[in-house]
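Descriptive structure summary
What follows is the residue order along each chain.
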Amino acid sequence: MTIQPDDARQASLGYTAILRRYLGPQWRRVTLLALLLVAGIGLQLAIPQILRAFIDAATSRAAIGQISQLGVVFLGIAVAGQLIAIGEVYVAESLGQATVNELRADLLRHCLGLDLGFHYRRTPGELIERVDGDVANLANFFSRFAVQIVGNAILLIGILALLFGVSRTIGAAISAVTLVAVVVLIRLRDAGVPRMTAARQASAELFGFLEERLVGTEDLRASGAVAHTLRRLAERSEKVFRAERFAAFVSAATGFSANLFLALITVVGLALSGLAFYRREISIGSVYLVFSYTQILSRPLEQMSRQIQDLQRAMASLNRILQLFSTRSQLNPGGRLRFPGGPLSVELENVTFGYSPDELVLRGLCLSLRPGEVLGLLGRTGSGKTTIARLIARFYDPLDGEIRVGGIDLGNASTKEIRKRIGIVTQEIHLFHATVRDNLTLFDPIISDEQIVAVLKDLGLWTWCQSLPGGLNARLSPDGGGLSAGEAQLLAFARVFLRAPGLVILDEASSRLDPATERQIEHALDRLLIGRTAIVIAHRLTTVERAETIAILEGGEIREFGARLDLARDPSSRFARLRRVGLEEVLV
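Here's a quick rundown of the structure. What you are looking at is a predicted structure, and each value in this text was computed from that prediction instead of being measured.

Right, let's get into the sheet that holds strand β12 (residues 557-563). If you walk across this open sheet you meet the 6 strands as β6-β9-β10-β3-β11-β12, and the pairing is mixed. Bordering the open sheet on either side are β6 (422-426) and β12, each of which pairs with just one other strand. Averaged over all pairs of adjacent strands, the angle between strand axes in this sheet comes to 15°, irrespective of strand direction. Note that strand β3 (residues 374-379) and strand β10 (residues 533-537) share 4 bridges and pair parallel. Bridge assignment links Gly376 to a residue of β10, and that residue is Val536. Against the sheet, helix α20 (residues 574-581) makes contact with β3, β11 (549-554) and β12, and its axis sits at roughly 90° relative to β11, the strand it touches most.

Axes are the key here: two packed helices are described by the angle between their axes and the distance separating the axes. One way to put it is that helix α2 (residues 27-59) packs onto helix α3 (residues 64-112) with a least axis distance of 8 Å and a crossing angle of 160°. Taken together, the axes of α2 and α3 lie roughly antiparallel to each other. The crossing of α2 and α3 is left-handed. Here the contact of α2 with α3 is composed, by residue class, of 26 nonpolar, 5 polar and 2 charged.

Quick look at unusual backbone geometry now. In this structure, Asn350 takes a positive phi of about 50° despite not being glycine. When you line up the elements, Asn350 lands in strand β1 (residues 346-353).

Taken together, Leu75, Val79, Leu83 and Ile86 make up a surface patch of nonpolar side chains, about 420 Å² in accessible area. Within the fold, Leu83 resides in helix α3. Assessed through its relative accessible area of 58%, Leu83 is described here as exposed.

Attention shifts here to the side chain of Arg394. Along the chain, the position of Arg394 falls in the loop between α12 (385-392) and β4 (400-405). Among the polar contacts listed, one links the side chain of Arg394 to the side chain of Asp397, at a separation of 2.9 Å.

Time to look at the pattern of salt bridges. All told, the structure shown has 14 salt bridges when counted by the stated rule. One salt bridge connects Arg404 with Glu402, and the closest N-O pair in it is separated by 2.4 Å. Arg437 is the partner of Asp449 in a salt bridge, and the nearest nitrogen-oxygen pair spans 2.9 Å. With Asp449 in helix α15 (residues 449-458) and Arg437 in helix α14 (residues 436-441), this residue pair connects regions lying 12 residues apart in the sequence. When its relative accessible area of 31% is taken as the criterion, Asp449 is described as partly exposed. Connected through salt bridges with shared partners, the residues Arg21, Glu102, Asp106 and Arg109 form a single ionic network.

Relative to the assigned elements, Val73 resides in helix α3. For Val73, a relative accessible area of 39% translates into the label partly exposed. Between the C-alpha atom of Val73 and that of Ile47, which follows or precedes it by 26 residues, the distance is 9.1 Å.

Considering soluble globular proteins, one finds that nonpolar side chains tend to be buried as a cluster. The biggest cluster of nonpolar side chains holds 44 residues, and the ones touching the most others in it are Leu378, Val544 and Phe575. Counting 31 residues, the second largest nonpolar core, distinct from the first, contains Leu344, Val346, Val351 and Ala551.

Its location among the elements puts Ser175 in helix α7 (residues 168-215). If we skip the residues at most four places from it in the chain, Ser175 touches Leu160 and Phe164.

Across the sheet, 4 strands lie side by side as β2-β1-β4-β5; this open sheet has antiparallel pairing. Two strands close off the open sheet at either side, each with one partner strand: β2 (362-369) and β5 (408-409). As paired elements, β1 and β2 share 5 bridges and run antiparallel to each other. Its bridge partner being in β2, Phe353 is matched across the sheet by Leu362. Here α12 sits on the sheet and contacts β1, β2 and β4; the angle it forms with β1, its principal contact strand, is near 115°.

Take helix α10 (residues 284-296) next. Helix length check: α10 (13 residues) gives 18 Å between terminal C-alpha atoms against 18 Å at 1.5 Å per residue, within 8%. Buried within α10 we find Gly285, Ser286, Val287, Leu289, Val290, Ser292, Tyr293, Thr294 and Ile296.

The description of two aromatic rings rests on the distance between their centres and on the angle between their planes. A complete count under the given rule lists 5 aromatic pairs for this structure. When the ring of Phe353 is compared with that of Tyr396, the centres are 5.4 Å apart and the planes differ by 55°; the resulting orientation is tilted. Placement of the pair is Phe353 in strand β1 and Tyr396 in the loop between α12 and β4, with a sequence separation of 43 residues. A relative accessible area of 8% means that Tyr396 is categorised as buried. Here Tyr355 and Tyr396 contribute two aromatic rings whose centre-to-centre distance is 5.3 Å and whose plane-to-plane angle is 80°, an arrangement assigned as edge-to-face. Linking Tyr355 in the loop between β1 and β2 with Tyr396 in the loop between α12 and β4, this pair joins segments that are 41 residues apart in sequence. Here the aromatic residues Phe353, Tyr355 and Tyr396 are joined through ring pairs into a cluster of three or more. When the ring centre of Tyr22 is taken as reference, the NZ or CZ atom of Arg21 above it lies at 4.7 Å.

Moving on: the packing of α2 against α10. Taken N-terminus to C-terminus, the directions of α2 and α10 make an angle of 155°; their axes are 8 Å apart at the nearest point. Considering their axes alone, α2 and α10 lie roughly antiparallel with respect to each other. Both α2 and α10 take part in a crossing whose hand is right-handed. Contacts from Gln44, Leu45, Pro48, Gln49, Leu51, Arg52, Ile55, Asp56 and Thr59 of α2 reach α10 at Ile284, Gly285, Ser286, Tyr288, Leu289, Ser292, Tyr293 and Ile296. In the contact of α2 with α10, the residues fall into 9 nonpolar, 6 polar and 2 charged.

This part covers the pairing of strand β9 (residues 503-507). Most of β9 sits out of view: 5 of its 5 residues are buried. Side-chain alternation along β9 places Leu503, Ile505 and Asp507 on one buried face and Val504 and Leu506 on a second face that is also buried. Summarising the sheet, β6 and β9 pair through 5 bridges and their orientation is parallel. Along β9, the bridge assignment pairs Ile422 with Leu503. Bridge analysis of β9 against β10 gives 5 bridges, and the strand direction is parallel. For Asp507, the partnering residue across the bridge sits in β10 and is Ile537.

Criteria and cut-off values
As a convention, each chain's residues are numbered from 1 in the sequence order in which they are written. pLDDT decides what is reported in this predicted model: residues at 70 or higher carry local features, side-chain atom pairs at 80 or more are listed and counted, and totals for whole chains, interfaces and linings draw on all residues regardless. Side-chain metrics rest on all non-hydrogen atoms present in the structure, leaving aside hydrogens and water. At least two bridges found by DSSP between two strands is the condition for calling them paired. Strands are runs of DSSP state E lasting at least two residues, helices are runs of H or I lasting at least four, and both sets are numbered from the N terminus onward. Comment: axis = line fitted to C-alpha atoms, over the contacting stretch for helices; angle = value between 0 and 180 degrees taken between N-to-C directions. We call two residues contacting when some pair of their heavy atoms lies within 4.5 Å. For classification, angles of less than 35 degrees are called roughly parallel, those exceeding 145 degrees roughly antiparallel, those between 65 and 115 degrees roughly perpendicular, and all remaining angles oblique. Helix crossings get a hand from a simple test, with the near helix turned counterclockwise from the far one by less than a right angle marking a left-handed crossing and a clockwise turn marking a right-handed one. Residues were grouped as follows: Ala, Val, Leu, Ile, Met, Phe, Trp, Tyr, Cys and Pro as nonpolar; Asp, Glu, Lys and Arg as charged; and all remaining residues, including Gly, as polar. Residues enter patches when they are more than 30% accessible in relative terms and free of salt bridges; like-charged ones are connected within 9 Å and nonpolar ones (Val, Leu, Ile, Met, Phe, Trp, Tyr) within 5 Å. Here the accessible surface of atoms and residues is derived via Shrake-Rupley with a 1.4 Å probe, and residues count as covered only by protein chains that are part of the display. Every case where a carboxyl oxygen of Asp or Glu lies within 4 Å of a side-chain nitrogen of Lys or Arg is listed as a salt bridge. Relative accessible area decides the class of each residue, using a 1.4 Å probe on protein chains only: under 20% of the type maximum gives buried, over 50% gives exposed, and in between gives partly exposed. Any pair of nitrogen or oxygen atoms within 3.5 Å is treated as a polar contact; in protein, a donor-acceptor pairing is required on top of that, and neighbouring residues in sequence qualify only through side-chain atoms on both sides. In this text, buried Ala, Val, Leu, Ile, Met, Phe, Trp, Tyr and Cys residues form a nonpolar core when linked through side-chain atoms within 4.5 Å. In this scheme, a helix's expected span is set at 1.5 Å multiplied by one less than its residue total. Here the aromatic set is Phe, Tyr and Trp, taking the six-membered ring for Trp, and pairing holds for ring centres within 6.5 Å; pairs whose planes are under 30 degrees apart are stacked, those over 60 apart are edge-to-face, and all others are tilted. Any Lys NZ or Arg CZ found within 6 Å of a ring centre and within 35 degrees of that ring's normal is scored as a charge over the ring.

This is how it looks when you write it as structure tokens:
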């Protein structure tokens, strides 16, 4: 869904599109809710009529049987009204949760499909507030707003029409006051939306700040920055306080105005009906009828007041949701081409890239790998090694040039195909609150336990897995749950090789491994890389000893490229110098 709320008209179209998209499939529940609402309105309008008849019958000393019948009818209507109210709440809540859950899923799917640059520019806490907090504010908007606004409008019209039936003067006077009340409430709604939007944004920024600081607790405490963090928290909390206070003031003004107009309507109704009774134009039952209808008017006005306050919050959240939906990925839409089977070739032709156009990381870089070739990629920190990995995995698109994998331009390959056939392992490993199986398969039910066991045995992790209570069903946590850094790294290797990719990128994947653990995976890598193309980005020379080709980057350009054995035998090559004096001395 592409929605771009650039102005009021586009925003209105965006709201309509949201309602159509998420309420349309729920039309049965919407219809049932509308029917319950209309039935409830009919009963509300009928009760004062029964009471008027009861009062007039009692004051005129009608037969006790007639009065008893009116009492029974009143009791029946009251019970039916309560049952309808219960059904209305149940259907409305079901409708609200169903639509909100679907919206939340779509929004999360949209965020996960955006480029990495988008996620680097925003904290996870801010996105959580968008996907969960803003969406939660729409539950009432979806379940009740449209139906209740229409229902309350019908109720208002019905009451005013019945009041005209009692007295044209009374009906006209109360209609005029009600019309002014509705106009004022709508104006207050328009004034409140920007305030609520500012409050929601301040809240999202606070969540982002808290998430970022809590994740960095260890560093903050080690550097003595706790006091500074608390000061910054106080500043952001003050911003939220001011924004929420202003928004609450506008919201309270809406409720105050509704109560003021309700009191005015009651006074007008009592004054005019009392005068009409004094002139013997209406009965005492009709006086009560007017009073009852002015009190019933409190429900639509109060609900309109609440709905407008909810609408202010909902519109603020909906504006932010529409803005997020309108955010487009910087990656061009992928095509549908599939890579050939087996190991994949890699070609980078005049590739230029920078995370910002003013600061280029790669400049006209050219690189070519044959299917099944293993490349050792070396270079100083910031030379562009990880950037090459991200481009080949298509986390970003190059500013210029072309990247082909398996002879296919990455821009013409489907994203699903890229994720399946190109595997990447980094030194930063993320574990989930989930079982060992789910952490290895990343929740893919197609991968069998037999495949998992085979890979774990190859990596030397099967004994470790068997030692866990529950084996593959043992639950892990993001902090590792007792895993060493090496074991976590081996799990990351297992994730990649379970997908059997044709191209594997190891981005300094062994930098966190101790020598003993590194030796543990040497034999597995030797076998698992057979029949696959591989790019090994390394800090240690031992890691690239299995590479057939070496490329050394410097300043975003390849300074040296050639067969590893040839470069090692050439004493003037950069690679030979690295072997003589050590990788870290030359590159760091």
